[in-house]
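Survey of secondary and tertiary structure
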Amino acid sequence: MSPHPPRTEVPPTAGLPPRWRDLLTAGHELAAPMADFLGLPGVQPTCSGTASLVIALRALHRLSGRRAVVVPAYTCPLVARAVAHCGLQLRLCDLAPDSIDFDPAGLQRLCDRDTLAVIPTHLGGRVADVDAVLACAHAVGAFVIEDAAQALGARIGTASVGLRGDAGFFSLAVGKGLTTWEGGLLVTPDAHLRAAFAATARELAPSRPGWELRRCAELIGYHALYRPALLGLAYGRPLRRALRRGDPVAAVGDDFGADIPLHTLGRWRQGVATRALRRLPAFLAACTEQAQARKARLAAIAGIALIDDAAGTQGTWPFFMLRLRDRARRDAALAQLWGAGLGVSRLFIHALPDYGYLQPLLGEHVVPNARALAATMLTVSNSPWLDEARFARILAVLERVAAQPLRD
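Residues numbered from 1 in each chain as written. Predicted model: local features only at pLDDT ≥ 70, side-chain atom pairs only at ≥ 80, totals over all residues. Heavy atoms only, no water.

A closer look at the layout of surface pockets
Threshold: The pocket and cavity definitions rest on a 1 Å grid over protein atoms only: a 1.4 Å probe that fits but cannot leave marks a cavity, an open set with protein on both sides within 12 Å along at least five of seven lines marks a pocket, and residues lining either have an atom within 4 Å of a point. Grid points are joined across faces, edges and corners, and a volume is the space filled by probe spheres set on the points. A run of DSSP states H or I qualifies as a helix once it reaches four residues; a run of E qualifies as a strand once it reaches two. Both are numbered from the N-terminal end. Residue type decides the class: Asp, Glu, Lys and Arg count as charged, Ala, Val, Leu, Ile, Met, Phe, Trp, Tyr, Cys and Pro as nonpolar, and the leftover types, Gly among them, as polar.
What the second largest pocket holds in volume is close to 270 Å³. As for the second largest pocket, its lining consists of 19 residues, of which Gln44, Pro45, Ala198, Ala201 and Arg202 are closest to the centre. When residues of the lining of the second largest pocket are traced back to their parent elements, those giving at least two are strand 1 (44-46) and helix 6 (191-204). Top element by residues in the lining of the second largest pocket is helix 6. It accounts for five residues. The class makeup of the residues in the lining of the second largest pocket is ten nonpolar, seven polar and two charged.

Structural notes on empty space enclosed by the protein
Evaluated as defined, the whole model comprises three cavities of 30 Å³ or more. Forming the walls of the largest cavity are 13 residues, and the residues nearest its centre are Leu16, Pro18, Asp22, Thr179 and Ala276. Elements with a minimum of two residues in the lining of the largest cavity: helix 7 (209-225) and helix 10 (267-277). Counting residues per element, the lining of the largest cavity draws most heavily on helix 10, which supplies three residues. Looking at the lining of the largest cavity residue by residue, the classes come out as eight nonpolar, three polar and two charged. Approximately 40 Å³ is the volume attributed to the second largest cavity. Pro72, Ile100, Asp101, Phe102, Pro120, Thr121, Ala128, Asp129 and Val133 are the residues that line the second largest cavity.

Some details on the packing of helix 11 (residues 280-299) against helix 15 (residues 388-402)
Formally: Geometry is summarised by axes, namely lines fitted to C-alpha atoms with helices restricted to the contacting stretch, and by angles between N-to-C directions that run from 0 to 180 degrees. Roughly parallel means an angle under 35 degrees; roughly antiparallel means over 145; roughly perpendicular covers 65 to 115; every other angle is labelled oblique. What makes a crossing left-handed is the near helix being turned counterclockwise from the far one by less than a right angle; a clockwise turn instead makes it right-handed. Any pair of residues with heavy atoms lying within 4.5 Å of one another is described as a contacting pair.
In contact at an axis separation of 10 Å, helix 11 and helix 15 are set at 20° when each is read in the N-to-C sense. Classified by the angle between their axes, helix 11 and helix 15 sit roughly parallel to one another. Remark: the crossing between helix 11 and helix 15 carries right-handed chirality. Where helix 11 approaches helix 15, its residues Arg294, Arg297 and Leu298 are matched on the opposing element by Glu388, Phe391, Leu395 and Leu398. Its residues placed into classes, the contact of helix 11 with helix 15 shows four nonpolar, no polar and three charged.

Brief notes about the nonpolar core
Rules: To qualify as a nonpolar core, a set must consist of buried Ala, Val, Leu, Ile, Met, Phe, Trp, Tyr and Cys residues joined through side-chain atoms within 4.5 Å. Accessibility here uses a 1.4 Å probe with only protein chains present; expressed as a share of the type maximum, an area under 20% marks a residue as buried, one over 50% as exposed, and anything in between as partly exposed.
Formed by 89 residues in total, the largest nonpolar core has its most connected members in Leu57, Tyr74, Ile145, Phe197, Leu322, Leu378 and Leu398. Here this core takes eight residues from helix 2 (residues 49-64), the largest share from any one element. In contact with Tyr74, not counting residues within four places along its chain, are Leu95, Leu123, Leu347, Phe348, His350, Ala351, Ala370, Leu373, Ala374 and Met377. Residues Val118, Val127, Phe170 and Phe283 belong to the second largest nonpolar core, which totals 43 residues.

So, the sheet that holds strand 11 (residues 313-314)
Through backbone hydrogen bonds, the strands of a sheet pair up, either in parallel or in antiparallel fashion. What counts, and what does not: Pairs of strands are assigned from DSSP output, requiring at least two bridges between the strands.
Read from one edge to the other, the open sheet built from three strands follows the order 7-6-11, with strand pairing classed as antiparallel. Looking at the sheet topology across the chains shown, the edges are occupied by strand 7 (159-160) and strand 11. With two bridges joining them, strand 6 (residues 155-156) and strand 11 adopt antiparallel strand pairing. Within the sheet, the bridge partner assigned to Arg155 lies in strand 11 and is Gln314.

Looking at unusual backbone geometry
Residues other than glycine seldom take positive phi values, yet Asp98 does so here, at roughly 55°. In this fold, Asp98 is placed in the loop between strand 3 (89-93) and helix 4 (104-110). Its identity as a non-glycine residue notwithstanding, Trp181 has a phi of 75°, on the positive side. The class for Trp181 is partly exposed, based on a relative accessible area of 23%.

Topic: the side chain of Thr115
Selection rule: Throughout this description, a polar contact denotes any pair of N or O atoms lying within 3.5 Å of each other; where both atoms belong to protein, one of them has to be capable of donating a hydrogen while the other can accept it, and for residues adjacent in sequence the pair is counted only when both atoms sit in side chains.
Among the structural elements, Thr115 can be located in strand 4 (residues 115-118). Among the polar contacts made by the side chain of Thr115, one reaches the side chain of Arg91 at a distance of 3.4 Å. When near neighbours in sequence (up to four residues on either side) are disregarded, Thr115 contacts Arg66, Ala68, Val70, Arg91, Leu110 and Ala142.

Focus on the sheet that holds strand 2 (residues 68-72)
Pairing is mixed in the open sheet, where seven strands are placed in the order 1-9-8-5-4-2-3. Lying at the two open borders of the sheet, with one neighbouring strand each, are strand 1 and strand 3. Each adjacent strand pair in this sheet contributes to an overall mean axis angle of 25°, direction not counted. Bridge count between strand 8 (residues 167-171) and strand 9 (residues 184-187): four bridges; the pairing is antiparallel. In the strand pairing of strand 9, Phe169 is matched with Leu186. Strands strand 1, strand 5 (143-147), strand 8 and strand 9 of the sheet are contacted by helix 6, whose axis makes an angle of about 30° with strand 1.

A short note on the pattern of salt bridges
Note the following rule: Just to be clear on terms, a salt bridge is a Lys or Arg side-chain nitrogen sitting within 4 Å of an Asp or Glu carboxyl oxygen.
Within this structure, the stated rule accounts for 18 salt bridges. Between Glu9 and Arg240 there is a salt bridge, with its nearest N and O atoms 2.7 Å apart. Remark: Arg240 occurs in helix 8 (residues 231-244) and Glu9 occurs in the segment before helix 1 (31-38); sequence separation between them is 231 residues. We note that Glu9, like Arg240, is buried. A salt bridge links Asp247 to Arg245; its shortest N-O distance comes to 3.8 Å. When salt bridges with common partners are traced through the structure, they connect Arg214, Arg215 and Glu218 into a single cluster.

Examining the packing of aromatic side chains
Heads up, the condition is: Aromatic pairs are defined between Phe, Tyr and Trp rings, using the six-membered ring for Trp, whenever the two ring centres lie within 6.5 Å; interplanar angles under 30 degrees are classed as stacked, those over 60 as edge-to-face, and all others as tilted.
Counted by the stated rule, this structure contains six aromatic pairs. Ring centres 5.1 Å apart and planes at 45° place the aromatic pair Tyr226 and Trp385 in the tilted group. With Tyr226 in the loop between helix 7 and helix 8 and Trp385 in the loop between strand 14 (377-381) and helix 15, this pair connects stretches of sequence that are 159 residues apart. Three or more aromatic residues joined by ring pairs make a cluster, and in this case those are Trp181, Tyr222, Tyr226 and Trp385.

The quantities given are spatial measurements derived from coordinates; they are silent on function.
This is the structure we're talking about:
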């Protein structure tokens, strides 16, 4: 880690830079413009991506009565929290080797007549193999909920992710491509499910003025601080404090409590997002253009594997996910880059069974591929604020570390 804080800070993800005039809105419904963006007849805004998942699980459980939910062993811990919040049974499936997709044999074993839903994850904007999950889940009558929290704008063919399964959800949390500080979108191509989700949301997520006032203040603060010269105050300093005390979970913000706020997404924040949405397609296109140039340079480093999309899919590029050959090399790279203000970070610190606070929910699991991904992966920001000189610094460190000989 750099001994001196950087004068400017690159964020770990490519979030859409806010503009003050976005705040100058009397409030507008986000549902219609977002439905146009996604190509759907209807979209349900929610207070968070986690809330979207809770609403979907509760509604689907009422329809089917089933209780088991299959999730990847490497995913956001909030997914596990949401399943537990609903009183459902969590089943962890290992990943396929060198992949973000489910292990096919493991998924087959976990799907049975009590399986309510399977949740494939479009991790870091990459596009998961939803078709394989659909075949396995639908064979036993289970639903498929696409976790597209990090993938707003990603596509399978010409259609948005989140629409191939029975339902999907996106996050509008801070650092995402489009943000309301905290927020989410729940989608489904099925009109019957759309009505069920809306009814469940009215019951579970009423208006809570106190929460909404807090989120409005946080969104204003985000607009003030989300810029290279000030981001160090809100993001960089807490990151470096956590790294100094040896707490990587806090450094990436993986320390989630059991409480899941459930309330409506206020009209003013929806209006802010509606104004920002006009700039999102051009921003995503610019990020993709930058990613196409930079990912080739990253992938050309011997000993570095870049996680990319399959043919026929087009993910978003908030950051690059890179795997090194072992934990020692990954940690050596992070020692020089994490905390240096360059936008290098980690995604989720552990596979789900290895978070201490999730142990009461999960117990022990044998998930070697998920653990290997957690142990060897780091992320490199694709923010437009990561200029060529800083990107070259990252490349130089990765090249040196990847070339280090194996240690006994």
